[in-house]
Each structure stands twice: as structure tokens, then as C-alpha cells.
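Observations on the model geometry
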Amino acid sequence: MSAPRAVLLVNLGTPASPRRVDVRRYLREFLSDPRVIDLPAPLRALLLYGVILPFRPRVAADAYAKIWTREGSPLLVHGRALRDALATQLGNGYRVELAMRYGAPSLDLAVETLARSGSESILVVPLFPQYAASSTGSALEVIYQRAARLWNPPNVEVLPPY
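Note that the coordinates shown come from a computational prediction; the quantities given were computed from them, not determined experimentally. (Residues numbered from 1 in each chain as written. Predicted model: local features only at pLDDT ≥ 70, side-chain atom pairs only at ≥ 80, totals over all residues. Heavy atoms only, no water.)

1. Examining a nonpolar patch on the surface
A grouping of Leu39, Leu43, Leu46, Leu47 and Val51 is seen on the molecular surface, where their side chains present a nonpolar patch of about 420 Å² in accessible area. With respect to the secondary-structure elements, Leu39 resides in the loop between α1 (20-31) and α2 (41-52). Since its relative accessible area comes to 34%, Leu39 is described here as partly exposed. (Patch = residues over 30% accessible without salt bridge, like charges linked within 9 Å, V, L, I, M, F, W, Y side chains within 5 Å. Areas by Shrake-Rupley, 256 points an atom, 1.4 Å probe, with all protein chains shown as cover. Salt bridge = Lys/Arg side-chain N within 4 Å of Asp/Glu carboxyl O. Helix = DSSP H or I, 4+ residues; strand = E, 2+ residues; numbered from the N terminus. Buried < 20%, exposed > 50% of the residue type's maximum accessible area, 1.4 Å probe, protein only.)

Structural data, given as C-alpha cells:
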């Protein structure tokens, strides 16, 4: 039996819940990325810890609470549905994973899972309509770094922006 072909759907991310503590954790991870806030590290830290994180989590948590569903984050719920529908459509010869650049399910775990499945290459499908260093670029950086740490790294192909 041949190794399954691997498809990795990638989205930006979502907090674990609409609670302030989870939104703060998500915002800290997201906004700490130098590709998102393009400032020298000391200025980025000052902005993040002095201006954004003391106030923004409350406002953002209230906004997330308005759209959160019983099943969870709409981005994650619909992402899982897309993953499952694509896996069904592609059939048994494919392994499809969903990962978020920030939060869970993580890119690290998804790349490792696909590599462990025996896949020799991973087709990365960024779910962003256009390329941006702060989304696609950041996600690809993590994917390439994780793949490079594997003993037998898979080939990584990237679907271009749509």
C-alpha cells in the first residue's frame, strides 16, 4: 500500500474560548509575531504589554462571545467541516489535516502527524485569499521549520493564493 498524500489546510487561528484569559493568550501569541507587528522586539513588547494586552482582551472577548457557537469557534467549526468534506471528497489515498498558525490545532502537530502517516510530501493550502507576510508568510515559516526538524522531512508544496 502506498503512503497517503497529505493536504494541510492552514488558517490564522482562534482563541480556545471566548473567555478573557483565552483571548489574551491568543492575542499575545498572535501579536508577538514579528511578521504581524513589524517593530523591533523592545517596541513590539512595549506596545503589546503596555497598550494592547491590558485593554484589548476584554473588548475582543465580548466580540468573540457574540459569535461563539455551542460547538466552539466558528472558524474552527467550519475549518473542521471543510477538512472533513475535503477528506471525504479526496478519498482513502489522502490524509487531510487542519491547523492554525496561532492556537490549536497547531501547525507543529499537524506537520508531525502528516509526516508520521508516511506522507512523503505535504500540499499546504493556506485558507487566505491573498498572500501576506503576516498570514501566509508566518504560517509557511513555521511549517518549513517544523518539517526541517524531522529526520526525513517531507517535500512541502504550497498552493498559491486564490
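2. Points about the packing of aromatic side chains
Applying the stated rule across the entire model yields 3 aromatic pairs. Where Tyr64 meets Trp68, the ring centres are 6.1 Å apart and the plane angle is 80 degrees; that geometry is what we call edge-to-face. Among the aromatic residues, ring-to-ring pairing joins Tyr26, Phe30 and Tyr102 into one connected group. (Phe/Tyr/Trp six-rings, centres within 6.5 Å; stacked < 30°, edge-to-face > 60°.)

3. Quick notes on the packing of α1 against α2
Their axes nearest at 11 Å, the elements α1 and α2 cross at an angle of 160 degrees. Relative to α2, the element α1 lies roughly antiparallel. Here α1 and α2 pass one another in a crossing that is right-handed. Across the interface between the two elements, Leu27, Arg28 and Leu31 from α1 touch Arg44, Leu48, Tyr49 and Ile52 from α2. Among the residues making up the contact of α1 with α2, the classes are represented as 5 nonpolar, no polar and 2 charged. (Axes fitted to C-alpha atoms, helices over the stretch in contact; angles between N-to-C directions. Parallel < 35°, antiparallel > 145°, perpendicular 65-115°, else oblique. Left-handed = near helix turned anticlockwise from the far one by under 90°. Contact = heavy atoms within 4.5 Å. Nonpolar A, V, L, I, M, F, W, Y, C, P; charged D, E, K, R; others polar.)

4. Here's the deal with the sheet that holds strand β3 (residues 121-126)
With parallel pairing, 4 strands are arranged side by side in an open sheet as β2-β1-β3-β4. What marks the edges here is a single partner per strand, and that holds for β2 (94-102) and β4 (155-158). Going across the sheet, the axis of each strand differs from the next one's by a mean of 25 degrees, ignoring polarity. Pairing between strand β1 (residues 5-13) and β2: 8 bridges, direction parallel. Along β2, the bridge assignment pairs Gly13 with Tyr102. (Pairing = 2+ DSSP bridges.)

5. Brief notes about the pattern of salt bridges
This model, assessed by the stated rule, comprises 9 salt bridges. Residue Asp33 is joined to Arg101 by a salt bridge in which the shortest nitrogen-to-oxygen separation is 3.2 Å. Residue Asp33 is located in the loop between α1 and α2, and its partner Arg101 is located in strand β2; the two are separated by 68 residues in the primary sequence. Where Glu112 meets Arg146, a salt bridge forms, and the shortest distance between an N and an O atom there is 2.5 Å.

6. Examining the packing of α1 against helix α3 (residues 56-67)
Two elements in contact, α1 and α3, have axes whose closest approach is 8 Å; the angle formed by their N-to-C orientations is 115 degrees. One finds that α1 runs roughly perpendicular with respect to α3. For the pair α1 and α3, the sense of crossing is right-handed. Between α1, through Arg20, Val23, Arg24, Tyr26 and Leu27, and α3, the contact on the second element is made entirely by Arg56, Pro57, Arg58, Ala60, Ala61 and Tyr64. Taken together, the residues that form the contact of α1 with α3 break down as 7 nonpolar, no polar and 4 charged.

Functional significance is not addressed by these values, which are geometric in nature.
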